[in-house]
Each structure stands twice: as structure tokens, then as C-alpha cells.
Amino acid sequence: MPPLLQAYLAPSPDAVKFAIKGSLAMFLALYIALWADLERPYWALISAAFLQIRPMSGMVIEKGLCQLAGTFIGVIAGLMIMALFSQARIPALYSLTLWLMLCVYGASMTRNNASYGCIMAAVTTLLIVVLAGSNPTSAFDVAVARLSELGLGAICATLISALLWPTHVRQHLADQADTVVNQAFLHAAQRLEPGHDDSELQQSLTASLGPLMTLETDSQAARYEGPAGPGRIRATHELTRHAVAMFASLAALNQLLREHRERLGEELCSFAAEVAEGLRQAERVVGVAEARNVLKQLRHRAHQTETSHLSALQQRVWQGLREVLGQAMILLDAREAITRPGSRRLRSPSLSWHRDRLVASINAARAGIVFSVTAIFWLVTGWNNGPIAMMLATLFSAFFASRDNPARVSMMFFKGMLAAIPSAFVFGHVLLAQANGFPMLAMLFGTPLFLGLLGAAHPAAMGYSLAFTIGNILLTMPGNDMDFSAASFFNLALAVTLGLAIVVLGFRLIPGLGSRFLHRRLVQAIGNDLRRLIQQRLPRADAWFSGRMADRLLQLAHHDKLLPEQQRVLFSLGLTGLDVGRVCLQLRVRLDDVPSIDVRRAHRHMLSTLAQAYQESAQGRAPQGLAQASNALTEAIARHDSIPEERRVLLAGLLERIDLTLQRQARLVANAIEGGQKPSTPTPATRME
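Everything quoted here is computed from the prediction, not taken from an experiment. (Residues numbered from 1 in each chain as written. Predicted model: local features only at pLDDT ≥ 70, side-chain atom pairs only at ≥ 80, totals over all residues. Heavy atoms only, no water.)

1. A word on the confidence of the model for the protein
- Taken over all residues, the pLDDT of the protein has a mean of 84, while the share at 70 or more is 94%.
- For the protein, the element scoring lowest by mean pLDDT is helix α1 (residues 3-9), at 73; helix α5 (residues 89-109) scores highest, at 92.
- Below pLDDT 50 for its whole length, residues 677-689 participates in 49 contacts with residues either more than four positions away or in separate chains. (pLDDT = per-residue confidence, 0-100. Helix = DSSP H or I, 4+ residues; strand = E, 2+ residues; numbered from the N terminus. Contact = heavy atoms within 4.5 Å.)

Structure representation (C-alpha cells):
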């Protein structure tokens, strides 16, 4: 069944509750706005609608605060522009364009509700400068009205969210954590079992990474749900860090078990199969305690088994299996701490994220061009509804820029807006013109809004349905002094259509960086981070690297799907980069404090050689100098008496394993180059965080 039909013919109970809550929040805001005789009550409606998209109480509060903060900053910027250029419209629009570009740049460099706040700052400044352009003395009145309308919408959305069928971030985080842990255990079992191909492994890993990134982003709203919120945030950081570390260990173990099984021996391969079965059992059992007991027995056996008779590589693989079990148990601890923050004392620094300044600059430039086109059209024509087209073009060019396929999303939104035109004409003008009193207004005008929200609860139909809801609000503009003339309606419909059409054209004519160039920059960013990992403070380095890599792995997995099957090495490059980073961290943990100058010098050279070796393997070339650097470090460690023999063997096995990983990665990329056009390879460094 198509998503739109499913959304309306078979709505879930949660979808009906979502539509009812959203409708009540909007009409409560509208009633108060009409009673207070606010100038533009429909802004309170739109504010309440946007805040109800994620109706968990903490998220509504966080988004409302970001909305108000962005609006306040936009008010200050708008008043400053009007104070400087109140009698000079062209310089005012130039300044406004630069401000809008700065806000869109900030929205592209931040995440979630902070990004939303940046967009609100842009739109608020635009409204103040444009609406007060012909009458500069009204700038302060426009600013106060804007704050009042958005604040009213935020308050109403928060009240309805808290009082009617309240849902909480903590339950959402617990559900997401369950998904992450179960998918991580399933992926771990598949990595340690024979017979799973690369596409199946990639699918199971992305099935865990997607919820993991959602969990990490959404966890920030937990701080608004009582004193236990910060504990849940720390537990989420801990879960993310160790999940990423486990994925790196599993990728390395999988390669050795598949390609060097004869070197590992039957005993080691047999134990890997037992660990895989134990992880499957932990994924199937109910409750954290039962899953921990399953893993605890395996971990006890792993630590009790004598491994001194094994080779360095075999001991390293055995240690890797121990690490996977330990990381799996930490995931369970973090999962329990998300549900009951007081049950576990976890301390974890906040994570860093992948940011691309070039992509953010292109998004800002596109938004500036889109606004400039609509502003020039407005100046030339003097069209009274030009500000509506300008506002929509700016708002949605900023909103859609961070999507995977902004051209497709903007077209989806455009179609939803077109569907709203006949609906708004019938319900918002023909029928509403005959209504008398607020109850009749709510019944007539609420029909398309409720239907729009009902469809918006279905993820696949959200783009169309949300656009349909906002389109009905903008085309009706409910207020105390409504204009029901057909000429006014079609004039407004033309402004809405023009604004969205310019957004669609903007994304089609200025599509941004191509997929090939984007994933080249992602691989390049991994290499840059491996070099920077050497300078990072060790307590912070793990969180810094893990957060950025989790984000990049998802993006590389997305880009990999767009390539021919014989060229799909991007995801493998991401996993290898993650593995190399984890090896660098392990070397730093074990050797940073060694007092020997020879060891420290060889250690630093080894770290820089690993970063360079990754870049070479990403270009399809066998790493140069890695074996020499490994030998130099091994010899320096052997001359230092304070390092135990067991640690020396494990370090030697670690270096041998990473050499095998990079050699394999170089072969994969070389084969991909021979099988088609050259895949993404790093270019000279450009600025990227």
C-alpha cells in the first residue's frame, strides 16, 4: 500500500494521537492570538506545528528554547540593520543577504535543534527588514510581534505535549538504545561467523549506526526532563564510543577469520564461533542482567585460557575477542544507565562530529542566491506578496540543505504545497467565509490541518503532509481581519508557488558537491583526523575520533550504494580508517607514558606512518614504510626492560594485524580502480572539521 494511503486508511493509534495533539496545540495558540489581537496569529500556528513534529516533552522544550533564542538573535540583527540602513533599502538588503548566509552556514555546521535556531534567526531578521522596509519606525513593533507569536506557539505546544498523552525522551532513548545494542550484537555475531558476504555485513552495521546517531543526537533533550537527564546523556556518549570501538575490532577480526584462518588455528576459530553464538544469545534474551550473564561466562573463559603458546598474531586475535566481549558488556551497562541513570556511574566526554566547511559554504551561497533572486523580483515588481515568496524561499532552502537528496525533498514539499491550494480555497475561504465564531472556524479550518498532521506521522509521507499543513496555514492566514476575496487568495497562492519553485530550481541548478567529490572529502577527512589524533589529549581523543567516525561511516555507506558493485570500497575505507584510529589510540594508551626516548621517538614515527599508510591504501597503493616503522618500534620496546613480555607480544601482534588490514585495503581499492572509474581518493588537504 502506498505510504499516503496507508497513513489515512490504516493510521496507527500513535498517529491519531499525534494529529490530535498537534491540532489542539495549534488551535490553542490561535485562540489566544485572536483574543490578544496579535498582528499575525498564523505565526503562532506555524510555531506550534513545527514544535509538535517530535512531540517528546524534552524535545519540544529544547526546540522551543532554540526557536526563541534564534528569534531573539534575529530580532537584534534585524533592528541593527534597520538602525544602520533605515533610509537605504539596497544596502539593507545587502546586509540582510550576508546575515542570511551566515545563519545558513551556522545551521549547516550545527545539528538538530541548534540548526533550527539558526534558521529561525535568519527568517526573523528577514521579516523585520522586509516588512518594516517601507516604514522603518515599525521595526520594533514587528520584532515584538514576532517574538510574541512564536513564544505563544512554543508555550502552547509545550503545554499540550506535557498534559495530553505525554511522551518522554527517556523512553525514546531507551527504545533507541535497545535497537542499537541488539543490532550491534547481531552484527558482531555475523562478523565472527563464516559465510556472511560484505553487503550483508554492511547492512547490519548501518542498521545499528543509524539508530546510534539518532540516539546520540536526541539525547541532548534529556537534560530538560529532570536531574537524571545529564546522566542519560553521559550514558549515551559512553554507548556511542564503545559501540564504534567494537565495530572497529569486529572489522579487523572478520578480515583475519576470513583470509588468514589457517594462521589462526582451529582453537581460536572455534572460540570465535562460541563468542558469536554467545552474542546471538545475548541479543535474544530478555533483560540486561540475563544478557550480561551470558557474556560474563564467555569473558571469564577468555581471560582464563592460557595463550602464551600462541604466536603474536594469534594472541592479538584472542585479545581482540576479549575486547569485543568487554565492549559488549559496557554497551549493556550504558543501556541500563540510560534507563536508570543512578544504577551506573558512567563518565564520558561529549562527542565531536564531522563537519565540512566547504559544504556549509555552498549551502550558504545557495541560500544567498535564492534570496537575492526573490529580493530582486520583489524590488522590480513592488509585489505586496513578495515577502511571502522571499520568506518561503529562504526558509526551505536552509531547511532542505542538510538532507541527503535536497532536490527530491524540495520537490516533495512543493507537491504538498500545491495540494494545499485547493484545500485552502475550499476550507479556508469558501466555507470559512460563512463561519461565525471560533468553534466553527476550528471545525472547518481544523479539517485539513488534522488530515495533514495525520499523514505527517508516517515517515514516508511526512514531506507531503507537513507541506500540506503549512500550506493551508499560509494560504488561509487566519486572523481577526481576514480577506476572503478570490483575488487575494490567488495572489497569495502565486507567492507560495513562486517561493517553493525557486527553492526547487535552486537545488537543481546549484546541487552542491557531487557524490564522488563528497566521498573523496570524507576519506580525506579520515586521513586528516588520523594525523591530528597524534596531537589530541589522550582522555579526549577517543570521544573526539569516535563521534566523527560514526557520522562518516553512515555517509560512506550511503555513497557506497550509489556506486557499481565492483567499486564499492568506500564503506570498507571507512571501517579501515576507524580501525587504524583505534590502533593509534591503543598504542598511545600503552606507550605515551614510557620514559624511554627511543621508544617515544619510534612510537611517534609509527603513528605518523600509520596515518600515511592509510592514505596510501585509500589510493590503491601498498603502504610504504609500515614494516620498517613496526620493526623499529618493536626493537625499541624490546630494549626497554620496564615493558612486560606479554605486552610486547600483544603490541607486535597488533602491528602485524594492522599491516595485514592495510595491505588488504590497498588491494581492494586497486581492484576497484581496475574494475571501473577510479573511486574516491584523497586530494591535498582542504579545511574540514
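2. Re helix α12 (residues 266-284)
- Over its 19 residues, α12 runs 27 Å from end to end, which matches the ideal 27 Å to within 8%, given 1.5 Å per residue.
- All buried positions along α12 are accounted for by L268, C269, F271, A272, V275, A276, G278, L279, R280 and A282.
- Packed against the buried residues of α12 are α8 (169-192), α10 (229-259), α11 (261-264), α13 (288-304) and α14 (312-339). (Expected span 1.5 Å × (residues − 1). Buried < 20%, exposed > 50% of the residue type's maximum accessible area, 1.4 Å probe, protein only.)

3. A short note on the packing of aromatic side chains
- Enumeration according to the criterion identifies 16 aromatic pairs in this entry.
- Arranged with centres 6.4 Å apart and planes meeting at 75°, the rings of F27 and F438 form a pair that is edge-to-face. Linking F27 in helix α2 (residues 13-35) with F438 in helix α18 (residues 438-456), this pair joins segments that are 411 residues apart in sequence.
- Residue classification places F438 among the partly exposed positions, given a relative accessible area of 23%.
- Pairwise contacts between aromatic rings join F50, Y116, F396, F399, F400 and F413 into one cluster.
- Here the guanidinium or amino end of K63 rests over the ring plane of Y116, the centre of that ring lying 4.7 Å away. (Phe/Tyr/Trp six-rings, centres within 6.5 Å; stacked < 30°, edge-to-face > 60°. Lys NZ or Arg CZ within 6 Å of the ring centre and 35° of its normal.)

4. So, the state of the cysteines
- Counted by the stated rule, this structure contains zero disulfides.
- Among the cysteines around C103, which has no disulfide bond, C118 carries the closest sulfur, lying 6.5 Å off.
- Given the relative accessible area of 7%, C103 is considered buried. (Disulfide = S-S within 2.5 Å.)

5. A closer look at the pattern of salt bridges
- Evaluation of the coordinates by the stated rule reveals 23 salt bridges.
- Linking D356 and R521 is a salt bridge whose minimum nitrogen-to-oxygen distance equals 2.7 Å. Residue D356 is found in the loop between α14 and α15 (357-381), and its partner R521 is found in helix α21 (residues 515-532); the two are separated by 165 residues along the sequence.
- D529 serves as the salt-bridge partner of R552, at 2.7 Å between the closest nitrogen and oxygen. (Salt bridge = Lys/Arg side-chain N within 4 Å of Asp/Glu carboxyl O.)

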